[in-house]
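# Chains, contacts and geometry: an overview
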Amino acid sequence: MGNTTSCFDIVARVAPNKNEFSKRGAAVLTGATSGIGEPTLESLLLAGYDRVFACARSQKRASATLDAISAKLGADAVKRVTVVDVNLDDLRSVAAAAARIDKEAGDAGVDVLINNAGVMMTPYWCTKQGLEWQVGINHFAHVLLTDRLLGALRRAGAARADEQQPARVVFVSSAAHQWCYKDGDGWKQATFKHDASRAGAYSSRTAYGQSKLANVLAARNYDARFRKDAEPIAAFSLHPGVIPTNLARDMWGGSVFVTLGRPFMKTIPQGAATTVFCALSPTALADRGGYFADAAVATVSAQGRSDDSADRLMTITRSVLDEVLAAPDVPNAHGGAAAAAA
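Reading the values: the criteria
- Residues numbered from 1 in each chain as written.
- Predicted model: local features only at pLDDT ≥ 70, side-chain atom pairs only at ≥ 80, totals over all residues.
- Heavy atoms only, no water.
- Buried < 20%, exposed > 50% of the residue type's maximum accessible area, 1.4 Å probe, protein only.
- Helix = DSSP H or I, 4+ residues; strand = E, 2+ residues; numbered from the N terminus.
- Phe/Tyr/Trp six-rings, centres within 6.5 Å; stacked < 30°, edge-to-face > 60°.
- Lys NZ or Arg CZ within 6 Å of the ring centre and 35° of its normal.
- Pairing = 2+ DSSP bridges.
- Contact = heavy atoms within 4.5 Å.
- Axes fitted to C-alpha atoms, helices over the stretch in contact; angles between N-to-C directions.
- Polar contact = N/O pair within 3.5 Å; in protein donor to acceptor, adjacent residues only side chain to side chain.
- Core = buried A, V, L, I, M, F, W, Y, C linked by side-chain atoms within 4.5 Å.

### Observations regarding helix H3 (residues 37–47)
H3 sits mainly inside the fold: 10 of its 11 residues count as buried. Of the residues making up H3, those classed as buried are Gly37, Pro39, Thr40, Leu41, Glu42, Ser43, Leu44, Leu45, Leu46 and Ala47. Two residues or fewer past H3, glycine 48 is found with a positive phi of approximately 110 degrees.

Spelled out as structure tokens, the structure:
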């Protein structure tokens, strides 16, 4: 489809009949009020979903987002949105949000979960459960959310098993997944837990790349598991493109990068196109478990193709999640004001 295709073009092509999507389970979107999240939310409403859970940290920004969408689509459209409070730097907040969504989605379940929120090249900050900030938000929070919503995803997928249209989990990754550790699979070096004594050796670029590789491998591992267990769910990862969003707000020189690079970047609706393609398009299922860019399957790094690495990552991830959720929270945990990308 190309890099000039917008998310709204995707909706027009794959969802001409809104009645089809209105009969499905709910959609869930993290980072719904920032960057590509807003046009993604608008696209889900345009596609016809009757219920969209918009996960957001800031109620003020959520209200502004809904006001903007209401001005375009009308007040009735935003009545289909349920804003869910969640701080992705706090796994207990993520667990509470998942429990609420699972309950409120009811028997219809969740048709699509879009793990969109993220942070990029931040200082060496710490989440409330003691994880390095970028991997804690970009990876661990979304794995916990996905795991806690598997029941709701199964309910939605099972309801449409005859149509061969499984529920979907979409991880927004990045081409920056290639910035990860180069020796071995990297997970032996990955600093999942925050340790102030290592701050001087911290590379925000490498840590960001590692968190984005984790998104690619999580999608690969989930989809392999779904296939093996004959689950009615499919998973995808993707690179949205280089976009002038506030994702670069915490990186050194980020505002200059966005200003000078804007003429060469995708627009924000173009950046949301691949997310919407993976979430809605029937043709995406031919390459389920894969990595996408420009609304088509794309080449991923060798590390991103490693099933062994994916298995190791997810085993470690769930072990760490169990450990930190059983322990007291870290006092005075610190992160940026824009934590968890709204």
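Resuming the write-up.
### Digging into the packing of aromatic side chains
Applying the stated rule across the entire model yields eight aromatic pairs. On the basis of an interplanar angle of 35 degrees and a centroid distance of 4.5 Å, the ring pair of tyrosine 124 and tyrosine 202 is categorised as tilted. Of this pair, tyrosine 124 sits in the loop between strand S4 (110–115) and helix H7 (133–148) while tyrosine 202 sits in the loop between strand S5 (167–172) and helix H9 (204–228), and the two are 78 residues apart along the sequence. A relative accessible area of 13% means that tyrosine 124 is categorised as buried. Just above the ring of phenylalanine 21 sits the side chain of arginine 24; from NZ or CZ to the centre is 4.0 Å.

### As for the sheet that holds S4
To summarise the sheet geometry, strands pair through backbone hydrogen bonds and adopt either a parallel or an antiparallel arrangement. Sheet architecture is open: eight strands sit in the order S3-S2-S1-S4-S5-S6-S7-S8, paired in mixed fashion. The open sheet is flanked by strand S3 (81–85) and strand S8 (296–297), the only strands paired with a single partner. In this structure, strand S1 (residues 26–30) lies alongside S4, joined through four bridges in parallel fashion. Note that in S4 the partner of leucine 29 across the bridge is isoleucine 114. Taken strand by strand, helix H6 (residues 91–105) contacts S1, strand S2 (52–56), S3 and S4, and its axis lies near 150 degrees from that of S3.

### Quick look at the side chain of threonine 82
Within the fold, threonine 82 resides in strand S3. A distance of 2.9 Å separates the side chain of threonine 82 from the side chain of arginine 51, its partner in a polar contact. Setting aside anything within four residues of it in sequence, one finds threonine 82 in contact with Arg51, Val52, Phe53, Ala54, Arg100 and Glu104.

### Concerning the side chain of aspartate 223
Position of aspartate 223 among the secondary structure elements: in helix H9. Those residues in contact with aspartate 223 that sit more than four places away from it in its chain are Ile233, Ala234, Ala235, Arg288 and Gly289.

### Brief notes about the pairing of strand S6 (residues 233–239)
Every regular strand shows the same layout, with side chains that alternate between the two sheet faces. Buried residues dominate S6, accounting for seven of its seven residues. Residues Ile233, Ala235, Ser237 and His239 of S6 are buried on one face, and the alternating residues Ala234, Phe236 and Leu238, pointing to the opposite face, are buried as well. Here S5 runs beside S6; their pairing, made up of six bridges, is parallel. For alanine 167, the partnering residue across the bridge sits in S6 and is isoleucine 233. The sheet contact formed by S6 and strand S7 (residues 291–293) spans three bridges and is parallel. Its bridge partner being in S7, histidine 239 is matched across the sheet by alanine 293.

### Quick word on the nonpolar core
If you look at the biggest cluster of nonpolar residues, it comprises 53 residues, and the most contacted ones within it are Ile101, Leu153 and Tyr222. With residues up to four places along the chain from it excluded, the contact list for isoleucine 101 reads Val28, Phe53, Cys55, Val84, Val110 and Leu149. One finds Cys7, Tyr49, Val172 and Ala284 within the second-largest nonpolar core, a separate group that totals 44 residues.

It is worth stressing that arrangement in space is one thing and function is another; only the former is reported here.
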